[in-house]
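Each chain, letter by letter, is given below.
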Number of protein chains: 2
Amino acid sequence: MFSPLIKELIESLRCLPGVGPKSAQKMALYLLERDSQGADRLAEALRHALDKVGRCSQCRTLTEDTLCHICADEGRNNKRLCIVETPADVIAIESTKQFDGLYFVLMGHLSPIDGIGPDELGLDRLDALSDHQGVEEVIIATNSTVEGEATCHYIAQILKPKGIDVSRIAQGVPMGGELEYVDGNTLALALEGRKKL
Amino acid sequence: MFSPLIKELIESLRCLPGVGPKSAQKMALYLLERDSQGADRLAEALRHALDKVGRCSQCRTLTEDTLCHICADEGRNNKRLCIVETPADVIAIESTKQFDGLYFVLMGHLSPIDGIGPDELGLDRLDALSDHQGVEEVIIATNSTVEGEATCHYIAQILKPKGIDVSRIAQGVPMGGELEYVDGNTLALALEGRKKL
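Everything quoted here is computed from the prediction, not taken from an experiment. (Residues numbered from 1 in each chain as written. Chains lettered and ligands numbered in written order. Predicted model: local features only at pLDDT ≥ 70, side-chain atom pairs only at ≥ 80, totals over all residues. Heavy atoms only, no water.)

So, the overall build of chain A
- A tally of regular secondary structure across chain A gives seven helices and six strands.
- Helices and strands in chain A line up, N terminus first, as α-α-α-β-β-β-α-β-α-β-α-β-α.
- Along the first, second and third principal axes, the C-alpha set of chain A runs to 65 × 45 × 35 Å.
- Counting every position in chain A, which comprises 197 residues, the buried fraction comes to 43%.
- Here the contacts in chain A between residues at least 6 apart in sequence split such that 49% fall between residues at least 24 apart.
- Summed over all atoms, the accessible surface of chain A reaches about 11,100 Å², with 51% contributed by carbon and sulfur. (Helix = DSSP H or I, 4+ residues; strand = E, 2+ residues; numbered from the N terminus. Buried < 20%, exposed > 50% of the residue type's maximum accessible area, 1.4 Å probe, protein only. Contact = heavy atoms within 4.5 Å. Areas by Shrake-Rupley, 256 points an atom, 1.4 Å probe, with all protein chains shown as cover.)

Structure below.
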C-alpha cells in the first residue's frame, strides 16, 4: 500500500529489537510526517557509528577509540578484572560505583549451537591479558542464566590454575524482594549462599 | 559512560516514537553488536526516504512519486472522496476494501494552539480539487476525537454549499463490543445514530 521507499523504511526499522510491523509503520510515518530533522540526525548517527565504532583493543567493549575510556584511565586498578557479557553490563556495574578495576567484555556467552566458542568470546586474549598484566583478582559477572553459568565455569577453569583469585557475583534474593514472590530456584541459591552473621 | 558516537546514536534513536532512554540504549548496542547490516540498511533507507519522499500532488499523502498509486489509478471513482487525517488512515480504510474512491489526506487536524489552521491542512487545495474534479460525494473519516470532530464540521461547512453530498463515518459500538464495557459517550452516540430495522 505504501510507496516502495516508505515500505523499505518500514521494513528496515524492523531490525530494531522489539519493533514489530505496526510500530515500524508508526515510526516511519512519524519520521516522514513530523520529524525529518530527527530522521536526518538518526541516519547520520548510524552512518558515523557504523564507520567508526569498533572494539576496545584491551577489553573488547564497543568504542571508536583504540582503548575505551575505562581501559585508558590510569587511576583504575589493573590488577582487578570484572568479566561481563555485554557493554550494557559494564554500564550497569559502573553505575554501582563499587568496582575500581578494569573490565573484560565477552560480547556474548558460550553457545556451541550458535557457533560461539572460546575464540569468539576472546578468551585467548583474556588469557594473555591476565598473564601480561599480572591480574590478581577476577570477578565473573556473566548473567545468571544456564549459558552465563557455563561460561563462568569455563573461564574459572582457565584462570584458577594461574593462581588468580576468581570469584562469582552473589546470587540470591534481590533488594526489596519479598520471599513470597521470589521464585524457587533463586530462593534455593539464596539458601545455599547464606552468609554467617 | 559510552563513547561519544555511541552516545549520539542512543540520543538520536530517541526521536522514534515510544522509544525511551533504556530502549534506545538497547537498540544502539544491538545494532552495533549484532546487526550492523540491519543498521546499514536502516541508514540507507532513512537517507533515501528523506531525499525522495514528498507529498502526492493531489491527495497530499506521503509518496516519492508526483501522484500516489491511488490517485494514479484510473479505475477508481474520482467523484467520491474520503477525507482522513494521516497516511496510516488511508491504509486502514483501504484494508476494508469497501471504498473505491480517492482520498484526501489532511496530515493532521485543526489545532489553533499548535498553529495548524485550514492552510496547513491544505483545505484550499481540497476546495479547488472538489470544484475541478466535480466531486459528488465526500466521506469525512477524521478521528473520533474533539479535534477530529471540529475539523469535520469545518470541512463540511466548506463543502456543503457546493451541493456535495457530505457524510461522516458512523460512530457507535465497535464490532464484538459488549455494552457493559463500552464507555458512556460511545453508547450515547450509538443510541443517537440508531438505524431503523
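From this point, things continue past the structure.
A closer look at the pairing of strand β5 (residues 137-140) of chain B
All names here are of chain B.
- Looking at chain direction, strand β3 (residues 77-84) and β5 are connected through four bridges and run parallel. In the strand pairing of β5, Ile 83 is matched with Ile 140.
- As paired elements, β5 and strand β6 (residues 165-168) share four bridges and run parallel to each other. Paired with Ile 140 across the two strands is Arg 168, which belongs to β6.
- Where the polypeptide runs from β5 across helix α6 (residues 146-159) and back to β6, its parallel neighbour, the crossover connection is right-handed. (Pairing = 2+ DSSP bridges. Right-handed = clockwise from strand over helix to strand, strands pointing away.)

Quick look at the sheet that holds strand β4 (residues 101-105) of chain A
All names here are of chain A.
- With parallel pairing, four strands are arranged side by side in an open sheet as β4-β3-β5-β6. Since the sheet does not close on itself, it has two edges, and those belong to β4 and β6 (165-168), each with one partner. Pairwise comparison of adjacent strand axes, ignoring direction, gives a mean angle of 25° for this sheet.
- Here helix α5 (residues 123-133) sits on the sheet in contact with β3 (77-84) and β4, set at roughly 160° to β3.
- Strands in contact with helix α6 (residues 146-159) are β3, β5 (137-140) and β6; relative to β6, the strand with the most contacts, it is inclined by about 170°. (Axes fitted to C-alpha atoms, helices over the stretch in contact; angles between N-to-C directions.)

Some thoughts on the relation of the copies chain B and chain A
- The transformation that overlays chain B on chain A combines an axial shift of 0.0 Å with a rotation of 180°, and the residual RMSD is 0.1 Å. Taken together, the turn and the small shift mark the pair as related by a two-fold rotation axis. In terms of C-alpha distance to the rotation axis, chain B has B:Ala43 as its closest residue, with the C-alpha 2.3 Å off the axis.
- A share of 100% of the interface residues of chain B reappears at the interface of chain A, consistent with the copies meeting face to face through the same patch. (Least-squares fit on C-alpha atoms with pLDDT ≥ 70 in both.)

Observations concerning the pattern of salt bridges
- The final tally for this structure, using the stated rule, is 18 salt bridges over all chains.
- Here B:Asp127 ties to B:Lys162 by a salt bridge, and the two come within 2.5 Å at their closest N and O atoms. With B:Asp127 in helix α5 (residues 123-133) and B:Lys162 in the loop between α6 and β6, this pair connects stretches of sequence that are 35 residues apart.
- Through salt bridges with shared partners, a single network forms among A:Asp40, A:Glu44 and B:Arg47. (Salt bridge = Lys/Arg side-chain N within 4 Å of Asp/Glu carboxyl O.)

Focus on the domain arrangement of chain A
- Partitioning chain A into domains gives domain 1 (4-52) and domain 2 (75-168).
- Look at where the C-alpha atoms of domain 1 of chain A and domain 2 of chain A centre, and you get two points 35 Å apart. (Domains from an automatic or database assignment.)

Looking at α5(B)
Residues and elements named next belong to chain B.
- Among all positions in α5, only Leu 123, Leu 126, Leu 129, Ser 130 and Gln 133 are buried. Buried positions in α5, seen along its axis, are confined to an arc of 110° and lie on one side of it. Every exposed residue of α5 that faces more than 90 degrees away from the buried side is listed here: Asp 124 and His 132.
- The secondary structure elements touched by the buried residues of α5 are β3, β4 (101-105) and α6.
- One or two positions beyond α5, positive phi appears at Gly 134, with a value near 65°. (Arc of directions from axis to C-beta.)

Regarding the UniProt feature "zinc finger region: C4-type" (unreviewed entry) in chain A
- Here, the residues flagged by UniProt with the feature "zinc finger region: C4-type" (unreviewed entry) are residues 56-71 of chain A.
- From the first C-alpha to the last, residues 56-71 of chain A spans 8 Å; its make-up is 0% helix and 12% strand. (UniProt positions renumbered as here; feature names shortened; annotations may be inferred.)

A word on the UniProt feature "domain: Toprim" (unreviewed entry) in chain A
- Sequence positions flagged by UniProt for "domain: Toprim" (unreviewed entry) are, in local numbering, residues 79-174 of chain A.
- Taken end to end, residues 79-174 of chain A is 34% helix and 20% strand, and its first and last C-alpha atoms sit 29 Å apart.

A word on the layout of surface pockets
- What the largest pocket holds in volume is close to 570 Å³.
- Forming the walls of the largest pocket are 22 residues, and the residues nearest its centre are A:Glu33, A:Arg34, B:Glu85, B:Thr86 and B:Gly108.
- Elements with a contribution of two residues or more to the lining of the largest pocket: α2 (21-34) of chain A together with α4 (87-94) of chain B.
- No other element matches the seven residues that α2(A) contributes to the lining of the largest pocket.
- A breakdown of the residues in the lining of the largest pocket according to their chemical character gives seven nonpolar, five polar and ten charged.
- Surrounding the second largest pocket, 20 residues form its lining, A:Arg168, A:Ile169, A:Ala170, A:Gln171 and A:Gly193 being those nearest its centre.
- Of all the elements in the fold, those that place two or more residues in the lining of the second largest pocket are α6, β6 and α7 (184-192) of chain A.
- Among the elements that line the lining of the second largest pocket, the one with the most residues is α6(A), at four residues.
- Along the lines of polarity and charge, the residues of the lining of the second largest pocket split into nine nonpolar, five polar and six charged. (1 Å grid on protein atoms, 1.4 Å probe; cavity = no way out; pocket = protein on both sides within 12 Å on 5 of 7 lines; lining within 4 Å. Points joined across faces, edges and corners; volume = space filled by probe spheres on them. Nonpolar A, V, L, I, M, F, W, Y, C, P; charged D, E, K, R; others polar.)

Structural notes on unusual backbone geometry
Residue and element names in this part refer to chain A.
- Positioned with a positive phi, Arg 60 is a non-glycine residue whose angle comes to about 70°.
- Here Arg 60 is to be found in the loop between β1 (54-55) and β2 (62-63).
- Judged by its relative accessible area of 6%, Arg 60 is buried.

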